[in-house]
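Notes for the structure review
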Amino acid sequence: MLHRITLIPGDGIGPEVTASARKIVDASGVKIEWDIVQAGAAVIEEYGTPLPDYVLDSIKKNKTALKGPVTTPVGKGFRSVNVTLRQTLNLYSNIRPVKTYEGVKSRYDNVDLVIFRENTEDLYAGIEHMVSGDIAESIKIISKKASDRIVRAAFDYARKHNRKKVTAVHKANIMKLSDGLFLKCAKNIADEYNDIEFEDVIVDAMSMKLVLNPENYDVLVMPNLYGDILSDMASGLVGGLGLMPGANIGEDGAVFEPAHGSAPDIAGQNKANPSAAILTAVMMLNHIGESEAAEKIEKALAETIREGLCLTEDLGGSAGTTEFTEEVIKKMSI
Ligand code: NAI
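- An unreviewed UniProt entry lists the protein under the name Isocitrate/isopropylmalate dehydrogenase family protein, with Clostridium tanneri as the source organism.
- Under the UniProt heading Sequence similarities (unreviewed entry), the entry covering the protein gives this text: "Belongs to the isocitrate and isopropylmalate dehydrogenases family."

What follows is the structure, given as structure tokens:
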């Protein structure tokens, strides 16, 4: 079957890691027609926006996209392309698996958890203003609709993947109304899934518990900001951002992108670890029903890392992005 998939290379290390993922997917034998479109600062001059309509139209038509990171200016300039994309296409579930791979030097060797981050509201709703010259205000939005659907997505995932427990993370002791509503929704939905254990943990305590005993956690679900922070932190438990894939899924489409950013410090130097992008492509292949190819790629990647002979700098090696990619392709054909 031929799949049509939108490819947004992004900027910084985006083009390097997405080229790697694409090459590996193509080598797996899955037939994909890539619709390559550009977003970010580079297209502003031509289109007057970092997220031109034709990019959105391509994703709406194809329903599936593989995306590299896009740089967002800090404290000024255009609104994040990533946040706008997730909100415009209503991609409400941000799913980030955190897993240890043998051969990666990290503090733990038995982490296997999945973070479900609400993707459309909370402090990311973009409602902020200056109250006066020296006071700024950001509004935190939490709705029943968005809370229900992200918690339900986490439980459905848990059931489908034989996971045992869902943990809801919040700060309802302080934000009694907003996080209080999220927690109430989580508890109500949990009642519908008696086969799966449920607990709730306050976000500050959760941070400590995750660092002390990450193996105690299975599926975690939380509002947007906590999900952003805890998922980067969790990636640190298993060897860093270079290994953490991600998916943004809604009812009308899915955009797959690694959790890491555009890493300007190493961009264009063939130094980026493409593993997160490759694992992101694995998630994408599972989503489009190409599980056999997905499994083949993940095995080859895991074996490359376990063997340790051809690793990128962040994993303690000296291989470039392209050499690492070739090594994974070689392992796929063994
Ligand atoms: P970052 O994730 O780009 O980099 C943080 C650190 O991790 C850097 O030292 C970088 O070299 C390293 N790193 C990240 N990915 C790596 C990889 N694949 N291989 C090896 N090392 C890797 O985070 P930062 O610096 O906060 O953000 C840079 C830009 O990316 C910002 O403009 C930010 O807004 C944007 N960003 C975009 C995202 C997206 O498009 N989804 C997500 C996160 C950030």
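**Section: the overall build of the protein**
- Looking only at helices and strands, one finds 11 helices and 12 strands in the protein.
- Here the C-alpha atoms of the protein give a radius of gyration of 20 Å, agreeing with the 20 Å that 2.2 N^0.38 yields for 334 residues.
- Burial status across the protein gives 54% buried among its 334 residues.
- Working note: accessible area of the protein is about 15100 Å², and carbon and sulfur atoms make up 52% of it.
- In the protein, the 37 positive side-chain charges and the 47 negative ones have mean positions that sit 2 Å from each other.

**Some points on the site of the ligand**
- Taken together, 22 residues lie near the ligand, and Val70, Thr72, Asn82, Gly261 and Ala263 sit nearest.
- The contact in question runs from an oxygen atom of the ligand to an N or O atom on the side chain of Lys67, over 3.3 Å.
- Here a nitrogen atom of the ligand and a backbone polar atom of Asn273 are 2.9 Å apart.
- In the complex, 69% of the free accessible area of the ligand, which totals 810 Å², lies under the protein chains.
- Looking at the shell around the ligand residue by residue, the class counts come to nine nonpolar, eight polar and five charged.

**A few points about the domain arrangement of the protein**
- Examined at the domain level, the protein breaks down into domain 1 (1–97 + 243–334) and domain 2 (107–237).
- Taking the mean C-alpha position of each, domain 1 and domain 2 sit 24 Å from one another.
- Taken together, the contact between domain 1 and domain 2 spans 14 residues of the former and 19 residues of the latter.
- Buried area between domain 1 and domain 2, both sides added, is near 1400 Å², and the carbon and sulfur share of it is 49%.
- Counting the surface domain 1 buries against domain 2, the share from its top three residues, Tyr92, Asn94 and Arg96, is 40%.
- There are zero salt bridges connecting domain 1 and domain 2.

**Observations regarding the packing of aromatic side chains**
- Enumeration according to the criterion identifies four aromatic pairs in this entry.
- Aromatic pair Tyr47 and Tyr54: ring centres 5.3 Å apart, planes at 35°, arrangement tilted.
- Accessibility expressed as a relative area gives 33% for Tyr54, which makes it partly exposed.
- The interplanar angle of 35° and the centroid separation of 6.1 Å between the aromatic rings of Phe155 and Phe198 together place this pair among those described as tilted. Taken together, the residues span a long stretch of sequence, with Phe155 in helix H5 (residues 144–160) and Phe198 in strand S9 (residues 197–202) at a distance of 43 residues.
- For Phe155, a relative accessible area of 0% puts it in the buried group.

**With respect to the UniProt feature "domain: Isopropylmalate dehydrogenase-like" (unreviewed entry) in the protein**
- According to UniProt, the feature "domain: Isopropylmalate dehydrogenase-like" (unreviewed entry) maps to residues 4–328 in the numbering used here.
- Taken end to end, residues 4–328 comprises 39% helix and 18% strand; its first and last C-alpha atoms sit 24 Å apart.

**Some words on the packing of H5 against helix H6 (residues 178–190)**
- Their axes nearest at 9 Å, the elements H5 and H6 cross at an angle of 45°. Classified by the interaxial angle, the pair formed by H5 and H6 is oblique. The element H5 and its partner H6 pack so that their crossing is right-handed. Residues Lys144, Ser147, Asp148, Ile150, Val151, Arg152 and Phe155 of H5 form the contact with H6, whose participating residues are Leu181, Phe182, Cys185, Ala186, Ile189 and Ala190.
- Here the residues of the contact of H5 with H6 are counted per class, giving nine nonpolar, one polar and three charged.

**Side note on the pairing of S9**
- Bridge analysis of strand S8 (residues 165–170) against S9 gives six bridges, and the strand direction is parallel. Paired with Val166 across the two strands is Phe198, which belongs to S9.
- In this view, the connection linking S8 to its parallel neighbour S9 by way of H6 has right-handed handedness.

**Focus on the nonpolar core**
- Core analysis: the biggest nonpolar cluster contains 60 residues, and Phe116, Val221 and Leu285 have the highest contact counts within it.
- Here the element with the most residues in this core is helix H9 (residues 275–287); it accounts for eight residues.
- Residues contacting Leu285, with those up to four places away along its chain left out, are Val25, Val30, Ile32, Glu290, Ser291, Ala293, Ala294 and Ile297.
- Tyr108, Leu113, Tyr217 and Leu237 belong to the second-largest nonpolar core, a separate cluster that totals 20 residues.

Cut-offs and rules
- Residues numbered from 1 in each chain as written.
- Predicted model: local features only at pLDDT ≥ 70, side-chain atom pairs only at ≥ 80, totals over all residues.
- Heavy atoms only, no water.
- UniProt positions renumbered as here; feature names shortened; annotations may be inferred.
- Helix = DSSP H or I, 4+ residues; strand = E, 2+ residues; numbered from the N terminus.
- Rg over C-alpha atoms; globule rule 2.2 N^0.38 Å.
- Buried < 20%, exposed > 50% of the residue type's maximum accessible area, 1.4 Å probe, protein only.
- Areas by Shrake-Rupley, 256 points an atom, 1.4 Å probe, with all protein chains shown as cover.
- Lys, Arg positive; Asp, Glu negative; His and termini not counted.
- Charge placed at Lys NZ, Arg CZ, Asp CG, Glu CD.
- Near = heavy atom within 4 Å.
- Polar contact = N/O pair within 3.5 Å; in protein donor to acceptor, adjacent residues only side chain to side chain.
- Nonpolar A, V, L, I, M, F, W, Y, C, P; charged D, E, K, R; others polar.
- Domains from an automatic or database assignment.
- Contact = heavy atoms within 4.5 Å.
- Buried area = accessible area lost by both parts, 1.4 Å probe.
- Salt bridge = Lys/Arg side-chain N within 4 Å of Asp/Glu carboxyl O.
- Phe/Tyr/Trp six-rings, centres within 6.5 Å; stacked < 30°, edge-to-face > 60°.
- Axes fitted to C-alpha atoms, helices over the stretch in contact; angles between N-to-C directions.
- Parallel < 35°, antiparallel > 145°, perpendicular 65-115°, else oblique.
- Left-handed = near helix turned anticlockwise from the far one by under 90°.
- Pairing = 2+ DSSP bridges.
- Right-handed = clockwise from strand over helix to strand, strands pointing away.
- Core = buried A, V, L, I, M, F, W, Y, C linked by side-chain atoms within 4.5 Å.

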